[in-house]
Amino acid sequence: MSGGKYVDSEQGNIYKPNNKAMADDGSERQVYDVHTKEIDLVNRDPKHLNDHVVKIDFEDVIAEPEGIHSFDGIWKASFTTFTVTKYWFYRLLSALVGIPLALLWGIYFAIVSFVHIWVVVPYIKSFMIEIQCFSRIYSICIHTLFDPLFDAAGKIFSSVRISVQKEI
C-alpha cells in the first residue's frame, strides 16, 4: 500500500474487489488515503466557513462621510497601511501560532472523535438495548389502562351527530 492508493491482488480486496460477486455495483473505483490528498492552495475555504471574516476590507472599517475628507495622499497611505499591515500581520501570526494551534486542534478533534466512536455511540446503543425492557412494560401499562378508556369514549361519542343550519 504505497502512495496512498490501495493496491489489489489478482482477486481483489475489500477496498477494490476485482471479483464481480464482491463488487457492490460492478463498477470499480479507486480508494485513496485521506492523508495524501492534495490540498487546494488557491481556494482555501471551499466550504465557506469564514466568509464573514475574510470579507473585512478597509472600507468596512474606516470610512469618511460626505463633507469631511482627509487629503487624498493621507487616504491612500491609510488604505495601503491598513491592507499591508493586515496581510503581513496575519501571515506572521499564522507562522508563529498556526502550527501549534493546528496541533492542539488536531489533538482536540482526535479526542472528540475517539470519545464519540468508543464511548458515546456504544453507550447510546447499550442504553437503547437496556431501555427496551422498560419500553415494553410502559407500553403494556399504557395499553392496559388507557385503551379501554379511549374505546369507551370513542363508542360514547360515535353516536353524537352534529348538524349545522343557516337561517335566512
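For clarity, every value in this text was computed on a predicted model and none was experimentally measured. (Residues numbered from 1 in each chain as written. Predicted model: local features only at pLDDT ≥ 70, side-chain atom pairs only at ≥ 80, totals over all residues. Heavy atoms only, no water.)

Secondary structure assignment for the chain yields three helices and zero strands. In sequence order, the chain lays out its α and β elements as α-α-α. For the chain, buried positions account for 5% of its 168 residues. Of all intrachain contacts in the chain linking residues separated by at least 6 positions in sequence, the fraction that spans at least 24 positions is 31%. (Helix = DSSP H or I, 4+ residues; strand = E, 2+ residues; numbered from the N terminus. Buried < 20%, exposed > 50% of the residue type's maximum accessible area, 1.4 Å probe, protein only. Contact = heavy atoms within 4.5 Å.)

Compared with an ideal rise of 1.5 Å per residue, which puts 87 residues at 129 Å, helix α3 (residues 72–158) spans 86 Å between its outermost C-alpha atoms and falls more than 12% short. Roughly 50 degrees is the biggest bend found in α3, and it falls at V97, with proline P100 one to four residues downstream. (Expected span 1.5 Å × (residues − 1). Bend = angle between axes of the 7 residues up to and from the residue.)

With that settled, consider the layout of surface pockets. Space inside the second largest pocket adds up to approximately 260 Å³. Lining the second largest pocket are K37, I39, D40, L41, N43, R44 and P46. In terms of residue class, the lining of the second largest pocket is made up of three nonpolar, one polar and three charged. (1 Å grid on protein atoms, 1.4 Å probe; cavity = no way out; pocket = protein on both sides within 12 Å on 5 of 7 lines; lining within 4 Å. Points joined across faces, edges and corners; volume = space filled by probe spheres on them. Nonpolar A, V, L, I, M, F, W, Y, C, P; charged D, E, K, R; others polar.)

Feature annotation in UniProt assigns "transmembrane region" (unreviewed entry) to the following positions: residues 88–121. Split by type, residues 88–121 is 100% helix and 0% strand. Its first and last C-alpha atoms lie 44 Å apart. (UniProt positions renumbered as here; feature names shortened; annotations may be inferred.)

All told, the structure shown has 10 aromatic pairs when counted by the stated rule. Relative to W75, the ring of F58 has its centre 5.0 Å away and its plane inclined at 65 degrees; by these criteria the two rings are edge-to-face. Separated by 17 residues along the polypeptide, F58 in helix α2 (residues 58–61) and W75 in helix α3 bring together distant segments of the chain. Classification of F58 by relative accessible area gives buried; the value is 3%. Pairing F146 with F150 gives two aromatic rings, centres 6.0 Å apart and planes at 25 degrees, and the pair type is stacked. (Phe/Tyr/Trp six-rings, centres within 6.5 Å; stacked < 30°, edge-to-face > 60°.)

At H48, a residue that is not glycine, the phi angle is positive and equals roughly 55 degrees. By the element assignment, H48 lies in the segment before α1 (51–54). Relative accessible area serves as the criterion here: at 51%, H48 is assigned to the exposed category.

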